[in-house]
Amino acid sequence: MDKKVISTISLAGCFGCHMSFLDIDLKLLELIELVEFNRSPLTDIKTFSKRIDIGIIEGGCSNDENVKVLKDFRKNCDILISLGECAIMGGLPALRNHLTLKECLEEAYFNVPTSNHNQTIPRHEDLPQLLDKVYPCHELVKIDYFLPGCPPSGEIIWQALAALIKNDKLEISKRLIKYD
Amino acid sequence: MHKLDLIIQKEGNSQDRLIPILWEIQKDIGCISLDTQTDLSKKLNLSPAEIQEVVSFYHFFSEEYRGKHQIYIDSSIIADFHDRNQIKTTFENELKINTGSVTPCGTFGLFETSCIGMSDQSPAVLIDFIPVPSLTVEKVKIILNSLKNGIKLEEIILSLGLGDGANSSNYIQSNINNNIVKKGHFLFKKWSKGEAISIASQMSPENIIQVISDSGLKGRGGAGFPTGLKWKLAKEVPSDKKYIVCNADEGEPGTFKDRVLLTEFIGLLLEGMIIASKAVGASKGYIYLRGEYSYLKNHIERQILDFKESGFINSFPIEVFLGAGAYICGEESALLESLEGKRGEPRIKPPFPVEQGLFGCPTVVNNVETFVLAAQIIRFGHESFSSLGTESSRGIRLLSISGDVEKPGIYEYEWGVSISEILRDCKAIEPTFVQVGGPSGTMISNKEFDRKISHDDLPTGGSFMVFSKKRSLFDILSNFMDFFVDESCGNCTPCRAGNVILRDLLTKVKTGKARPSDLNKIKDWGNIVSKTSRCGLGMTSPNPLLTSLKSMPEYFENAITNKDENFLDFDIEQATAEYKEFHNE
């Protein structure tokens with residue numbers, strides 16, 4: 001069997017989902033027999049060098065760079081997975097959706113106790129432009145699968161990947177997706 | 001004495017008096033502030049949260065001040081199509097405020113509310129909870145100027161001209177018209193006061209129930225439960241106390257037949273309730289009157305007093321209880337919760353109200369029209385009714401016809417009448433869609449006008465809205481979805497969240513952003529919402545979307561131009577506009 005090609009990315013996320021991915025521990029050895037990693041923070045490869053079988057997205061879209069990357073992933077991946085709360089629903093970053101961008105930036109740069117009073121809000125053409133709010137990935141591109149959790153456990157990530165690679169039906173026990 | 005004490009002294013201090021008490025405070029002060037709620041909670045021996053959860057539930061109660069004069073604009077689709085926007089803009093311009101706010105001086109508050117039962121004379125508003133229909137820009141200006149000059153609303157209404165029938169009587173004095181267009185041969189038979197009661201007094205309770213059962217009368221609220229069976233079930237439950245409740249919370253957009261029945265047939269309604277009380281052995285009756293019809297309260301109470309003086313209701317007191325703006329209270333168990341002074345959230349059934357209804361006692365809840373028809377059936381015998389209509393749907397049905405027709409108003413039909421016959425009678429203007437049974441009913445296209453009004457084809461609670469070819473299907477559906485999102489009580493997730501999801505999907509279709517797969521999503525979510533919601537609201541709210549998708553798929557398919565499922569419409573320019581504006585770019 002050819003090795004499946006996997007790419008991952010963290011958009012407006014905290015890398016917690018990626019950490020959880022690494023938490024599959026010894027299964028990593030099994031996984032590396034089945035897949036190869038292409039563009040991903042895990043490999044530090046920044047561009048796609050071939051067609052991707054499975055793209056894994058952590059985090060929602062908070063700025064124009066996120067949008068560009070997400071679309072690039074959709075273009076290059078056969079299957080796209082939203083991994084974790086932020087990719088699926090915006091997560092913690094989406095708390096700012098109740099505020100205007102102005103309120104949000106002024107709070108972050110001026111009003112917090114740690115701000116120094118000469119502070120300005122940075123703006124440079126190389127800096128990504130913030131969106132009016134944080135969007136979940138499926139509002140921009142088609143997402144094939146959703147793996148919930150904050151973060152999803154290593155076990156759920158492993159089971160989902162194994163099922164996709166082996167073309168098995170995924171049956172996740174309730175224990176793994178029960179959060180209350 | 002403190003005002004609050006006076007109100008409580010008048011109404012009593014038990015929880016079931018909470019809504020009447022809140023009404024008095026809202027009308028008197030213009031709001032029910034948190035401080036007032038805390039005071040009230042001490043006096044009623046409830047927790048502040050128990051007061052707040054009720055205040056926040058009903059549209060007409062508010063924690064924030066709503067003005068000396070509270071104005072509510074009817075936001076029904078029929079009003080939308082009758083220049084509602086122009087009226088709204090006139091109010092906004094004259095008062096120099098946006099809808100949803102109060103003038104700086106606090107004199108006027110301008111808000112929106114769901115259909116107020118005036119679709120035959122749209123656009124309409126509630127001013128201080130009194131409906132003022134058939135508005136024009138000129139009328140709005142006259143009304144506002146008069147109010148600003150301190151002229152009383154009653155005098156303004158008098159100067160606008162009183163309506164027909166009992167609307168001009170001393171106890172109503174409104175400029176609403178009944179608009180009774182088609183009188184049939186059953187309901188409109190001349191009333192003679194007390195006749196039905198005196199016939200029933202010669203009958204045993206079993207006998208009364210038998211006659212009602214034999215007539216084939218089914219509940220007129222929409223669900224169509226056999227009335228005789230309901231009464232029989234309530235009779236059979238042993239209990240010292242039983243209640244008869246008339247559901248006059250006519251909230252289905254486009255319906256107004258109960259408004260007319262309450263105006264012109266209140267005597268027959270009371271007789272129907274009294275007969276029901278004899279049949280089931282009930283000791284008290286309530287008329288749960290929607291807040292929007294509070295202008296009819298004096299009229300109804302006058303008739304009750306009249307019946308009392310005539311000796312008809314010695315052992316069966318009837319009380320008029322005012323709702324406070326909540327569509328869901330038309331659902332019988334939500335209505336009972338509301339009568340008990342709580343949030344109008346539907347109960348889980350069983351037990352059904354006939355077993356455990358108001359205050360846990362067996363209760364019959366029937367629609368206004370059901371009681372009126374029951375009284376007529378007792379007068380003229382079950383055959384006079386069962387010989388009309390069809391096999392599954394006996395007797396007659398009142399329709400409230402509105403929309404793009406030359407003659408909106410009340411029509412009496414035998415069940416089984418075809419849509420095309422109705423459209424002919426009301427002189428429909430280029431009819432293209434008809435919404436039968438209100439937003440919770442069925443949307444049909446002009447290819448289906450041979451269908452019939454009956455329980456096994458097109459059941460209806462009485463609303464009949466006609467839309468001409470110049471109306472947009474998606475405007476209509478959006479208005480309905482907004483309505484359901486607004487009126488969902490929020491208790492169960494499928495209804496609370498599902499209706500928002502359905503509305504979002506519809507917006508995608510309407511704005512040309514949908515993809516072919518979205519149509520399947522509408523069907524899937526529609527099924528989830530209708531199959532898993534707790535009460536009739538969520539069970540029926542997907543109906544207009546699902547029925548129009550079924551009968552007119554071409555409208556939806558034509559609205560989808562982009563078939564690319566991978567990349568959805570996302571306007572990056574718009575999404576970054578706020579950021580650029582912040583940086584003055």
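Thresholds, definitions, all that
- Residues numbered from 1 in each chain as written.
- Chains lettered and ligands numbered in written order.
- Predicted model: local features only at pLDDT ≥ 70, side-chain atom pairs only at ≥ 80, totals over all residues.
- Heavy atoms only, no water.
- Helix = DSSP H or I, 4+ residues; strand = E, 2+ residues; numbered from the N terminus.
- Rg over C-alpha atoms; globule rule 2.2 N^0.38 Å.
- Areas by Shrake-Rupley, 256 points an atom, 1.4 Å probe, with all protein chains shown as cover.
- Lys, Arg positive; Asp, Glu negative; His and termini not counted.
- Charge placed at Lys NZ, Arg CZ, Asp CG, Glu CD.
- Buried < 20%, exposed > 50% of the residue type's maximum accessible area, 1.4 Å probe, protein only.
- Contact = heavy atoms within 4.5 Å.
- Pairing = 2+ DSSP bridges.
- Salt bridge = Lys/Arg side-chain N within 4 Å of Asp/Glu carboxyl O.
- Axes fitted to C-alpha atoms, helices over the stretch in contact; angles between N-to-C directions.
- Buried area = accessible area lost by both parts, 1.4 Å probe.
- Polar contact = N/O pair within 3.5 Å; in protein donor to acceptor, adjacent residues only side chain to side chain.
- Nonpolar A, V, L, I, M, F, W, Y, C, P; charged D, E, K, R; others polar.
- Parallel < 35°, antiparallel > 145°, perpendicular 65-115°, else oblique.
- Left-handed = near helix turned anticlockwise from the far one by under 90°.
- Phe/Tyr/Trp six-rings, centres within 6.5 Å; stacked < 30°, edge-to-face > 60°.

**With respect to the overall build of chain B**
- Within chain B, the secondary structure is distributed over 25 helices and 15 strands.
- Taking 25 Å as the expected radius of gyration for a compact globule of 585 residues, we find that chain B reaches 24 Å, a close match to that expectation.
- Referenced to the eigenvectors of the C-alpha coordinate spread, the extents of chain B come out at roughly 85 × 65 × 45 Å.
- Of the roughly 22,700 Å² of accessible surface on chain B, a fraction of 49% belongs to carbon and sulfur atoms.
- Computed over 64 positive and 76 negative side-chain charges, the separation of the two mean positions in chain B equals 3 Å.

**Side note on the overall build of chain A**
- Along its length, chain A carries 7 helices and 7 strands.
- For chain A, the sequential pattern of α-helices and β-strands runs β-α-α-β-β-β-α-β-α-α-β-β-α-α.
- Along the three orthogonal principal directions, the C-alpha set of chain A runs to about 60 × 40 × 30 Å.
- For chain A, buried positions account for 43% of its 180 residues.
- The long-range share in chain A, meaning contacts at least 24 apart out of those at least 6 apart in sequence, stands at 76%.
- Of the roughly 10,000 Å² of accessible surface on chain A, a fraction of 54% belongs to carbon and sulfur atoms.

**Quick word on the pairing of strand S11 (residues 396–403) of chain B**
Residue and element names in this part refer to chain B.
- Where burial is concerned, most of S11 is hidden: 8 out of the 8 residues are buried.
- Residues Ile396, Leu398, Ser400 and Ser402 line one face of S11 and the alternating positions Arg397, Leu399, Ile401 and Gly403 line the opposite face, and both faces are buried.
- Note that S11 and strand S12 (residues 409–414) share 6 bridges and pair antiparallel. Of the residues in S12, the one forming a bridge with Ile401 is Gly409.
- Hairpin remark: S11 followed by S12, antiparallel, with 5 residues in the connecting loop.
- Note that S11 and strand S15 (residues 463–468) share 4 bridges and pair parallel. Each bridged residue has a counterpart across the sheet, and for Ser400 the counterpart in S15 is Ser463.

**A look at the pattern of salt bridges**
Residues and elements named next belong to chain B.
- Considering all chains together, one arrives at 49 salt bridges over all chains under this definition.
- Here Lys43 makes a salt bridge to Asp5, at a shortest N to O gap of 3.0 Å. Taken together, the positions of Lys43 in helix H3 (residues 34–44) and Asp5 in helix H1 (residues 3–11) put the pair 38 residues apart, joining distant regions of the chain.
- A relative accessible area of 32% means that Lys43 is categorised as partly exposed.
- Arg259 is paired through a salt bridge with Asp120; the nearest N and O atoms lie 2.9 Å apart. With a gap of 139 residues between them, Arg259 in helix H12 (residues 257–264) and Asp120 in the loop between strand S3 (108–113) and strand S4 (125–127) connect regions that are remote in the sequence. A single burial state applies to Arg259 and to Asp120, both of which are buried.
- A cluster of three or more residues bridged by salt bridges with shared partners is formed by Arg220, Lys257, Asp258, Glu369 and Arg397.

**What about the environment of B:Asn167?**
Residues and elements named next belong to chain B.
- Here Asn167 lies in the loop between helix H8 (153–160) and strand S6 (180–182).
- For Asn167, a relative accessible area of 1% corresponds to the buried category.
- Separated by 173 residues in sequence, Asn167 and Glu340 have C-alpha atoms that sit 31 Å apart.

**Brief notes about the sheet that holds S15(B)**
Residues and elements named next belong to chain B.
- The mixed open sheet is built from 6 strands, whose spatial order is S6-S12-S11-S15-S13-S14. In this open sheet, the two strands that pair with only one neighbour each are S6 and strand S14 (442–445). On average, each strand axis in the sheet is tilted by 30° relative to the strand beside it, whichever way the strands run.
- Bridge count between S6 and S12: 2 bridges; the pairing is parallel.

**Let's talk about the interface of chain B and chain A**
- The interface is formed by 15 residues belonging to chain B together with 24 residues belonging to chain A.
- Around 1,800 Å² of area is buried between chain B and chain A when both sides are counted, 66% of it from carbon and sulfur atoms.
- Area buried by chain B at its contact with chain A is led by B:Phe570, B:Tyr579 and B:Phe582, which between them contribute 37% of it.
- Summed over the shared surface of chain B and chain A, the result is 0 salt bridges.
- At the surface where chain B touches chain A, the tally comes to 4 residue pairs in polar contact (both at pLDDT 80 or more).
- Residue composition of the side of chain B that touches chain A, grouped by class: 7 nonpolar, 3 polar and 5 charged.

**What to know about the sheet that holds strand S1 (residues 4–10) of chain A**
Residues and elements named next belong to chain A.
- The strand order S2-S1-S3-S5-S7 describes an open sheet built from 5 strands, whose pairing is parallel. Of all strands in the sheet, those with a lone pairing partner are strand S2 (35–37) and strand S7 (145–147), marking the two edges. In this sheet, neighbouring strand axes are inclined to one another by 30° on average, regardless of whether the strands run parallel or antiparallel.
- In terms of strand pairing, S1 meets strand S3 (residues 52–58) through 5 bridges, oriented parallel. By the bridge assignment for S3, Ser10 is matched with Glu58.
- Sitting on the sheet, helix H6 (residues 154–166) is in contact with S1, S2, S3, strand S5 (77–83) and S7, with an inclination near 160° to S3.

**A closer look at the packing of helix H2 (residues 27–34) of chain A against H6(A)**
Residues and elements named next belong to chain A.
- Between H2 and H6, whose axes approach to 12 Å, the crossing angle comes to 25°. Relative to H6, the element H2 lies roughly parallel. You can see that H2 and H6 cross each other, and the crossing is left-handed. Contacts from Lys27, Glu30, Leu31 and Leu34 of H2 reach H6 at Trp158, Leu161, Ile165 and Lys166.

**With respect to unusual backbone geometry**
- Residue B:Lys349 is joined to B:Pro350 through a cis peptide bond whose omega torsion reads -10°.
- B:Pro351 follows B:Pro350 through a cis peptide bond whose omega is 5°.
- Non-glycine residue A:Asp44 carries a positive phi angle of around 65°.
- Structurally, A:Asp44 is set in the loop between S2 and S3.
- Of note, B:Lys427 is a non-glycine position whose phi angle comes to about 55°, a positive value.

**A short note on the packing of aromatic side chains**
- Within the structure shown, the criterion is met by 27 aromatic pairs over all chains.
- Their ring planes at 50° and their centres at 6.0 Å tell us that A:Phe21 and A:Phe37 sit as a pair that is tilted. Separated by 16 residues along the polypeptide, A:Phe21 in helix H1 (residues 16–22) and A:Phe37 in strand S2 bring together distant segments of the chain.
- Ring geometry for B:Trp191 and B:Phe307: centres 6.5 Å apart, planes at 5°, overall stacked. On the criterion of sequence distance, the pair formed by B:Trp191 in the loop between S6 and helix H9 (195–201) and B:Phe307 in helix H14 (residues 297–309) is long-range, its members being 116 residues apart.
- Taken together, the ring pairs in this structure connect B:Trp23, B:Phe57, B:Tyr58, B:Phe60, B:Phe61, B:Tyr72, B:Phe111 and B:Phe129 into an aromatic cluster.

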